[in-house]
Amino acid sequence: MSNATLSPLPSADRPDVAARLREALLAASFTADGLLDLLGAPAYAALARSETVPALRATRGDTPLETLVRLFLLQQPVPHARVEEFLPLHACVESGWLVRVGDEVAAAVDVRPFGGPDGEDWFIVSDLGCAVGGAGGIGSHHEGVVLGVGGASTTLAGITVRTPVSSALDLGTGSGIQALHAARHATRVTATDLNPRALHVTALTLALSGAPAADLREGSLFEPIRDDETYDLIVSNPPFVISPGARLTYRDGGMGGDDLCRSIVQGAGERLNEGGFAQFLANWQHVEGEDWQDRLRAWVPRGCDAWIVQREVQDVTQYAELWLRDAGDHRGDPAEYQARYDAWLDEFEARKVKAVGFGWITLRRTAAAEPAVTVEEWPHSVEQPLGDTIRAHFERLDYLRGRDDAALLAGHFTLAGEVVQEQVGLPGAEDPEHVVLRQHRGMRRATKVDTVGAGFAGVCDGSLSAGRILDAIAQLVGEDPVSLRDRTPAQIRLLVEQGFLEPAE
């Protein structure tokens, strides 16, 4: 259906009303912390699963905060005589934030409190019923629906490199959460979306959150960007779902297979400034007879380092069921559901797709003659936010790329924080079968090392060069120091690349 079937949005041309509404919401503690205090952890967590009954039970009182939760998060009409005690009621109705229904008022949009990374009180605007969780079936009826913040949105925000930049670009901005984050550290923020309703909602999100306005441009992904425009940061949580047809604007990209994600990644390189980052969430196909890592390496544009992490893999049946449920298709006619399920499997069969991967893609524009491309699978838990971890990964690449083995052995290193050593072997054995170094921060990696590698890492405090440490180890274990110097740099490089060791200079 067209956007006309969706409810009218508040005016985006009344920043004065948005500012007054923001003040009133903050005064009533309608914030992420205020919600947690009011609802309690179980009801608060249930909201993220699109379950509203616990929150309804927790808001049966008559306080301003309880009333606001029912009004903006749970979409319950409330008496306007009560609301005008703490909201600028006339201005909110006039500008479209609220709608009069007899002697009650109802919200025109979802407004969800969201805590910024430095404790900012933000508000994410979205279509009714879409502030929390997924579309809850709404998307199957309205292709132009604008969703709120989901797990993918917060994942992308958490992995984004947050350094001060002149310019940032948010492709497919949706409700504006990535643009809102970027506004904290970018002088100029540009946001694009094919859906004009999404651009309107982004303007509302920024205004209600007290953030600077962004340059909002209608069009698909890079289309609204001029050829001579480049950026220091590009982010996108695109409509990456691989589906048979573009039925849902917020989810399906409209290109065959994973072509949308590939085109975004390949198009980002020429629009990045030197040293700039482009970061995306994406799906990619696992095709019979093809290495999925090779497929992704082919996506990386020239002149860019890349770090691609596969976080999850689903077989085609799991994948189809996930997104059919996301759209609410399982709630309708069983025959129609089965037909749509069949269509997904037909599409995958025609493309020889056996599974679909999901993960993160980070590009960095580099002047290096040989860019470094890392593609790996890491389904294990990580510590968000990861922006600093990702930035440090590329800084270590620069360090290693500029040093041969002799220079590496002349370098000084320190052991990264919260790295522990585990020894694995049979009980009572004199020596361990192998030694594992494990990180408790960032990517939380674990890697096997030999006794020399473990001993080397354990004494790295920045005071001695790597070569001097190896000479001392050689003397302790009775090994030829020249031989040890020859065979150990590869292990040191791996420990530096993976973040176990940090250059001290």
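All of these numbers come straight from a predicted model, not from anything done at the bench.

Asker: Got a minute to help me understand the layout of surface pockets in this structure?
Answerer: Taken as a whole, the second largest pocket holds about 880 Å³ of empty space. Lining of the second largest pocket is provided by 34 residues; of these, P385, G387, D388, T389 and G442 occupy positions nearest its centre. Elements with a contribution of two residues or more to the lining of the second largest pocket: helix 8 (151-159), strand 13 (373-377) and helix 15 (387-401). Tallied by class, the residues present in the lining of the second largest pocket amount to eight nonpolar, 14 polar and 12 charged.

Asker: Before we go on, may I ask you to explain the sheet that holds strand 10 (residues 272-287) in this structure?
Answerer: Strands pair in a sheet through their backbones, by hydrogen bonds, and they do so in one of two ways: parallel or antiparallel. Strand order in the open sheet formed by eight strands is 8-7-6-9-10-12-11-13, with mixed pairing between adjacent strands. Looking at strand neighbours, the two that pair on one side only are strand 8 (215-218) and strand 13, the edges of this open sheet. Ignoring which end each strand starts from, the neighbouring axes of this sheet average 20° apart. Looking at chain direction, strand 9 (residues 231-236) and strand 10 are connected through five bridges and run parallel. In the sheet register, L233 faces strand 10, and the bridge partner there is F277. Contacting strand 7 (186-193) and strand 8, helix 10 (residues 196-208) crosses the sheet at an angle of about 170° to strand 8. Against the sheet, helix 13 (residues 316-326) engages strand 10, strand 11 (304-315) and strand 12 (353-365), with an angle of about 90° to strand 11.

Asker: Just checking my understanding: could you explain the side chain of R295 for this structure?
Answerer: Within the fold, R295 resides in helix 12 (residues 292-297). According to the relative accessible area criterion, R295 is buried, its value standing at 17%. What R295 contacts, discounting residues up to four positions off in sequence, is D258, Q285, V287 and E290.

Asker: Can you help me understand the pattern of salt bridges in this one?
Answerer: Between side chains of opposite charge, a pair can form when the charged atoms approach closely. By the definition in use, this model includes 32 salt bridges. With a closest N to O distance of 2.8 Å, R217 and D215 form a salt bridge. Between R295 and D258 there is a salt bridge, with the nearest N and O atoms lying 2.9 Å from each other. Of the two residues, R295 is situated in helix 12 and D258 in the loop between strand 9 and helix 11 (259-268); the sequence distance between them amounts to 37 residues. In terms of burial, R295 and D258 fall into one category: buried. Through salt bridges with shared partners, one network takes in D215, R217, R226, D228 and E229.

Asker: Before we go on, may I ask you to explain the packing of aromatic side chains in this structure?
Answerer: To describe a pair of aromatic rings, one takes the distance between the centres and the angle between the planes. Considering all chains together, one arrives at 12 aromatic pairs under this definition. Both rings, one in F240 and one in F358, keep their centres 5.8 Å apart while their planes meet at 50°; by these two values the pair is tilted. Residue F240 is found in the loop between strand 9 and helix 11, and its partner F358 is found in strand 12; the two are separated by 118 residues along the sequence. Summarising the aromatic geometry, the rings of Y337 and Y341 are spaced 6.0 Å apart at their centres and angled 80° between planes, so their arrangement reads as edge-to-face. Here Y337 and its partner Y341 are both found in helix 14 (residues 334-350), four residues apart, which amounts to about one turn of the helix.

Reading the values: rules and limits
Residues numbered from 1 in each chain as written. Predicted model: local features only at pLDDT ≥ 70, side-chain atom pairs only at ≥ 80, totals over all residues. Heavy atoms only, no water. 1 Å grid on protein atoms, 1.4 Å probe; cavity = no way out; pocket = protein on both sides within 12 Å on 5 of 7 lines; lining within 4 Å. Points joined across faces, edges and corners; volume = space filled by probe spheres on them. Helix = DSSP H or I, 4+ residues; strand = E, 2+ residues; numbered from the N terminus. Nonpolar A, V, L, I, M, F, W, Y, C, P; charged D, E, K, R; others polar. Pairing = 2+ DSSP bridges. Axes fitted to C-alpha atoms, helices over the stretch in contact; angles between N-to-C directions. Contact = heavy atoms within 4.5 Å. Buried < 20%, exposed > 50% of the residue type's maximum accessible area, 1.4 Å probe, protein only. Salt bridge = Lys/Arg side-chain N within 4 Å of Asp/Glu carboxyl O. Phe/Tyr/Trp six-rings, centres within 6.5 Å; stacked < 30°, edge-to-face > 60°.

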